[in-house]
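Inside the fold
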Amino acid sequence: MPLVRISLLKGKSKDYIRALSDSVHEALIEAYGIPSADRFQLIHQHEPEELVYDENYLDIRRSDDIVIVHIVAGNWRDTATKKSLYKAIAQRLSRKPGLRPEDVQIILSSNERDEWSFGNGIASYVKDEPPV
Amino acid sequence: MPLVRISLLKGKSKDYIRALSDSVHEALIEAYGIPSADRFQLIHQHEPEELVYDENYLDIRRSDDIVIVHIVAGNWRDTATKKSLYKAIAQRLSRKPGLRPEDVQIILSSNERDEWSFGNGIASYVKDEPPV
Amino acid sequence: MPLVRISLLKGKSKDYIRALSDSVHEALIEAYGIPSADRFQLIHQHEPEELVYDENYLDIRRSDDIVIVHIVAGNWRDTATKKSLYKAIAQRLSRKPGLRPEDVQIILSSNERDEWSFGNGIASYVKDEPPV
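Residues numbered from 1 in each chain as written. Chains lettered and ligands numbered in written order. Predicted model: local features only at pLDDT ≥ 70, side-chain atom pairs only at ≥ 80, totals over all residues. Heavy atoms only, no water.

1. Quick look at the overall build of chain A
Within chain A, the secondary structure is distributed over two helices and six strands. When the elements of chain A are put in sequence order from the N terminus, they spell out β-α-β-β-β-α-β-β. Within chain A, the proportion of its 132 residues that are buried is 57%. For chain A, long-range pairs separated by at least 24 residues make up 75% of all intrachain contacts whose partners lie at least 6 apart in sequence. In the structure as shown, chain A presents an accessible area of about 5,500 Å², 48% of it carried by carbon and sulfur atoms. Each charge class in chain A was averaged separately, 18 positive and 21 negative side chains, and the resulting centres sit 5 Å apart. (Helix = DSSP H or I, 4+ residues; strand = E, 2+ residues; numbered from the N terminus. Buried < 20%, exposed > 50% of the residue type's maximum accessible area, 1.4 Å probe, protein only. Contact = heavy atoms within 4.5 Å. Areas by Shrake-Rupley, 256 points an atom, 1.4 Å probe, with all protein chains shown as cover. Lys, Arg positive; Asp, Glu negative; His and termini not counted. Charge placed at Lys NZ, Arg CZ, Asp CG, Glu CD.)

Here it is as structure tokens:
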């Protein structure tokens, strides 16, 4: 169910990008309990002038390895679950591909259960009411 | 009012992309009743490593023709209307450019009436209160 | 806190893109009161077939200089504040880089305070409860 957009600066290898993708997905499985097959990610690689970030906001030192992870996911997670996701993503990205946790930015956008269609033109998470 | 992002793998022709764009727009007119002139779409074409999808999630068989349609639209549609949109998009894309319905993924993100400005620095959908 | 995506057609200079970025950021400081260091922007440059817009929707005349500014920001702003943001962005972009206000489209997507992590795997805007 999540739709994940990962933005970074150009210049990394395909293996590096795969590691980013894998780690974010594994963190979603761990913290949100999504199925392993529920994987839909879009990677956006930017020129330097196209990714603007502050190097010091909130006293966190960021570098050009910065990754911005923007996740659309269902709105039924509570704050504790979201916090566990942040922790899991930062931990896994620090292991693979080896990011500094300071460089991991995560933004969530929540939506409703009836706002997902995974093919065939149907609302994948809506149970149809039985006929009256 | 909708802002539509359409993501796909690189390699398709301009005519193909135009067909995607047209069909999604026609489905929004049909299902959401938006004006024909209310058309704002961003197409993102990705390298293979930049678009990650599961080939089998929810037992739907996806291929490299996968299209991810992410639509920001006003939050006043009900579930039935959203379902009619999924159906209309999948049907129209299967006709033009000829997608398998399995390859049509749709995600909605809803927002408020005061969250749209279509130019001139004003809130396009907010009626100003009369002076007291 | 805002995550800003700015979309435009390819062909502009780096200085032009920097001016877009600066003006949108200055408008957010002015209208939303965000800290100057709270700056995270992604610029998406599109081929002509990848940015589809209506030239006349709502009787506003748009050109190929169109800019679509999509901002994810916290949901605690009221309509008056959002309107001041639209005005500030259009005014500042008309000064620098010199856009016609008709070409400035703005869409907001609101989210919650616990949906932001600016590094280190923590929820940046959530105050942890004291231990009981």
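Picking up after the structure, the text goes on.
2. A word on the interface of chain C and chain A
Taken together, the contact between chain C and chain A spans 34 residues of the former and 32 residues of the latter. For the pair chain C and chain A, the summed buried surface comes to about 2,800 Å²; carbon and sulfur atoms form 57% of the total. The interface formed by chain C and chain A contains two salt bridges. A salt bridge links Asp114(C) to Lys82(A); the nearest nitrogen and oxygen atoms lie 2.9 Å apart. Where chain C touches chain A, the interface holds 21 residue pairs in polar contact (both at pLDDT 80 or more). Looking at the side of chain C that touches chain A, the elements that each hand over two or more residues are β1 (3–9), α1 (14–32), β2 (40–46) and β6 (116–117) of chain C. Considering each element in turn, the side of chain C that touches chain A owes the most residues, six residues, to β2(C). Of the residues that constitute the side of chain C that touches chain A, the class distribution is 15 nonpolar, 10 polar and nine charged. (Buried area = accessible area lost by both parts, 1.4 Å probe. Salt bridge = Lys/Arg side-chain N within 4 Å of Asp/Glu carboxyl O. Polar contact = N/O pair within 3.5 Å; in protein donor to acceptor, adjacent residues only side chain to side chain. Nonpolar A, V, L, I, M, F, W, Y, C, P; charged D, E, K, R; others polar.)

3. Overview of the pairing of strand β5 (residues 104–111) of chain B
Among the eight residues in β5(B), seven count as buried, and that is most of the element. Here strand β6 (residues 116–117) of chain A runs beside β5(B); their pairing, made up of two bridges, is antiparallel. In the sheet register, Ser117(A) faces β5(B), and the bridge partner there is Ile106(B). Alignment of strand β4 (residues 67–74) of chain B against β5(B), held across eight bridges, turns out to be parallel. Paired with Val67(B) across the two strands is Val104(B), which belongs to β5(B). Read as a crossover between parallel neighbours, the route from β4(B) over helix α2 (residues 79–95) of chain B to β5(B) is right-handed. (Pairing = 2+ DSSP bridges. Right-handed = clockwise from strand over helix to strand, strands pointing away.)

4. Focus: the relation of the copies chain C and chain A
In the superposition of chain C on chain A (RMSD 0.0 Å, axial shift 0.0 Å), the rotation amounts to 120 degrees. On the angle and the small slide along the axis, the relation comes out as a three-fold axis. Taking the C-alpha atom as reference, chain C places Ser109(C) closest to the rotation axis, 4.6 Å from it. Mapped onto chain A, only 6% of the interface residues of chain C again fall at the interface, so the copies present different surfaces. (Least-squares fit on C-alpha atoms with pLDDT ≥ 70 in both.)

5. Looking at helix α2 (residues 79–95) of chain C
For α2(C), spanning 17 residues, the distance from its first C-alpha to its last is 25 Å, which sits close to the expected 24 Å at 1.5 Å a residue. Turning to α2(C), its buried residues number three or more, namely Lys82(C), Leu85(C), Tyr86(C), Ala88(C), Ile89(C), Ala90(C), Arg92(C) and Leu93(C). As for α2(C), its buried residues are in contact with β6 (116–117) of chain B together with α1, β4 (67–74) and β5 (104–111) of chain C. (Expected span 1.5 Å × (residues − 1).)

6. Some thoughts on the sheet that holds strand β2 (residues 40–46) of chain A
Pairing within the open sheet is mixed, and its six strands lie in the order β3(B)-β2(A)-β1(A)-β4(A)-β5(A)-β6(C). In this open sheet, the two strands that pair with only one neighbour each are β3 (51–53) of chain B together with β6 of chain C. Its contacts with the sheet put helix α1 (residues 14–32) of chain A on β1 (3–9), β2, β4 (67–74) and β5 (104–111) of chain A together with β3 of chain B, and the angle it makes with β1(A) is roughly 145 degrees. Against the sheet, helix α2 (residues 79–95) of chain A touches β4 and β5 of chain A together with β6 of chain C, its axis set at about 145 degrees to β5(A). (Axes fitted to C-alpha atoms, helices over the stretch in contact; angles between N-to-C directions.)

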